[in-house]
Amino acid sequence: MLLNYDRMGGLQWVLVFITVLVSLFLILPVVFIIALSFGSSQWLVFPPPGWTLRWYQEFFADPRWMAAFWTSAKIAVLVMIFTTALALITSFALVRGRFRGREILRAAFLTPMILPVVVVAVALYAFFLKIGLNGTMTGFVVAHMVLALPFAIIPISAALAGFDKSTEDAAIVCGASPWEARLRITLPSIRHGLFAAMVFSFLISWDEVIIAIFMASPSLQTMPVRIWSSLRQDLSPVIAAASSLLILLTLVLMLLAALLRKKAN
Amino acid sequence: MSDPFLSIRNLGKSFGSVRAIEDVTLEVPRGEFLTFLGPSGSGKSTTLYAIAGFLSPSQGDVHIDGRSILDLPSHKRNIGMVFQRYTLFMHLSVGENIAFPLRVRRRPAKEIDAKVDEMLALVRLEGYGDRMPAALSGGQQQRVALARALAYDPQILLMDEPLSALDKKLRDEIQFEIKRVHEQTGVTILYVTHDQEEAMRLSDRIALFNNGRIEQVGTGQQLYNEPLTRFSAAFMGNSNFIKTEVMARQGNFAAARFPDGTVVKGVPVHEQAGGGAESVLMVRPENILIETRNEGSGLPATVTNATFLGDCQLITARTSWGEDITVRSVLAPGEMGTAARGEAVRLIWPNAGSYLFL
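One structure accompanies this document, and this report is about it. (Residues numbered from 1 in each chain as written. Chains lettered and ligands numbered in written order. Predicted model: local features only at pLDDT ≥ 70, side-chain atom pairs only at ≥ 80, totals over all residues.)

1. Some remarks on the interface of chain B and chain A
And step 1. Contacts between chain B and chain A engage 18 residues on the former and 16 residues on the latter.
And step 2. At the level of secondary structure, the elements contributing two or more residues to the side of chain B that touches chain A comprise β6 (79–82) and α2 (94–104) of chain B.
And step 3. Tallied by class, the residues present in the side of chain B that touches chain A amount to 11 nonpolar, 4 polar and 3 charged. (Contact = placed C-beta atoms within 7 Å. Helix = DSSP H or I, 4+ residues; strand = E, 2+ residues; numbered from the N terminus. Nonpolar A, V, L, I, M, F, W, Y, C, P; charged D, E, K, R; others polar.)

Here you go:
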């Protein structure tokens, strides 16, 4: 190693300092929001003059917030299921398939990842306007699937590429039909990739705001959209509470994923 | 004559314009351990995969018990297979791995449990049923794979270089296990390897593959002592091929005249030796005797290199026309060597141990 941490001497402390600074920069806004959600000030004063659970009570008491919460959850779950299923089939084609244009197809499936989201949003909005999908649950799910698909294809493809096809062949020669072999042997063998795909696709839909703003109607709003529109009307600490809940679910999912990965190793 | 148990007839397979195997014909009686031996790319694995059903041959047929199996998909052929790489199902325990073929056959649970125990005992892994494959060594994994492949009493067992991923010591140990399992179960085995020692040790017969064809089929002794082709002679053990002229041919015997004028009479002749433009005399290094008295019969040569190897001495002798001949000279107890570098010697060998390839 050219840069050996143990031999850096005084430079070690510089490195530690920079690391702490960057970490703080990343974490502080989250800490700030969570602190404000428990703060007693109406005007989001920091540091909070006192502590209260009032904003959470207001959040759970407000049917509009609860509707947004359940809409978000429903869309995210549907996106998770359909994206993972579609990504699984796609990965089989991209990893196992031998056809012309396979690499081009792979690149095409990954473009939503690098395309500016607002471009995807405008394109989908224009298209959905024609076929009447804007403001519908189906529209939301399909639009989020476009964004989530690359993030589901990458872990599943990686897991499938790392799985030796001889193992599937072994199951077939043992008497399992090809479908049975895939279901009983291949799928459990790539389950970590599948799980990662599920977590990613859920989270992408869960905290997506740009496409959601285009898709939303007054009666169908996701949490991030509701946060966004409330912010523009008034600066209530309920927004901080809603944001904190959003972050909490994300954190729980990430921890769960990390735990399962640790167990797998 | 009754039908042989397994019959491979004129099997051929092309990938595009590349012929992987061509005209492979072979008959295997029930219970035989037959090895496909050959260099990599010689078609031995392709033949095995065609029998397993992982690829469909372009020509020919494969019969088991008088019926063609080519119309059957892989999973209905009732064939057992052990692969080169580890193919245990990593998310299932050792016991569940062995039970898998029985579960997909919807056998009753009681029968499955009994069979799993029987198979674990067969590969001497009693008590390992609850372990996960990741906790086993490579050798143990291949033994479980063997148990899984035999759990459903397959008609034949295919083994595709099952030991190539293991180190030498483990290989010897598992070779012994495989041999024992074969004797204990009497299953017909087709075994692929590129290691001739492994082939010799395990098999009843060996089919020697070269360039997609079977070069020669026979016991290890037959292949080693009576090679029919140059390739057989070169692949099985080490051989010297000495440039020679054939004269005074009588039936299956002829006299050989070397470039320096030395004549050896009564050498067995192989005509369909395949390849090579000129005639050669083949003789194994261990069949040559070194005669240090520089008179009498034998081929004159000069020792250019002599290496002491403990039980024998490896000698390179150069003929007067510049061809190097390898001699493996077994030493008597305490003997240091039979020849020294630079010494003029004569090389003598019995006719029975040599062949003329035309």
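2. Topic: the sheet that holds strand β19 (residues 324–330) of chain B
All names here are of chain B.
And step 1. Spatial strand order, β16-β20-β17-β18-β19: 5 strands in an open sheet with antiparallel pairing. The sheet is open, and its two borders are formed by β16 (289–291) and β19, each paired with just one other strand. Strand after strand, the sheet turns through a mean of 45° between neighbouring axes, direction not considered.
And step 2. Taken together, the 4 bridges between strand β17 (residues 299–308) and strand β20 (residues 344–348) define a ladder with antiparallel strand orientation. Residue Thr302 lies in a different strand from β20, and its bridge partner there is Ala344. (Pairing = 2+ DSSP bridges. Axes fitted to C-alpha atoms, helices over the stretch in contact; angles between N-to-C directions.)

3. Considerations on the sheet that holds strand β21 (residues 354–357) of chain B
Residue and element names in this part refer to chain B.
And step 1. Pairing in this open sheet of 6 strands is mixed, and the strands run β11-β15-β21-β14-β13-β12 from one edge to the other. Both outer strands of the open sheet, β11 (240–243) and β12 (245–250), are each paired with one neighbouring strand and no more. Strand-to-strand, the axes of this sheet are offset by a mean angle of 40°, without reference to chain direction.
And step 2. With 4 bridges joining them, strand β15 (residues 280–283) and β21 adopt antiparallel strand pairing. From the neighbouring strand, Leu281 faces β21, where its bridge partner is Leu356.

4. As for unusual backbone geometry
And step 1. Here the amide bond leading from Phe46(A) into Pro47(A) is cis, since omega sits at 0°, within 30 degrees of zero.
And step 2. Here Asp65(B), not a glycine, exhibits a phi torsion of approximately 55°, which is positive.
And step 3. In this fold, Asp65(B) is placed in the loop between β4 (59–64) and β5 (67–68).
And step 4. For Asp153(B), which is not glycine, the phi torsion reads 45° and is therefore positive.
And step 5. Here Asp153(B) lies in the loop between α4 (138–150) and β7 (156–160).
And step 6. Classification of Asp153(B) as exposed rests on a count of 11 C-beta atoms within 10 Å. (Buried ≥ 20, exposed ≤ 12 C-beta atoms within 10 Å, placed from the backbone.)

Distances and angles like these do not, on their own, reveal function.
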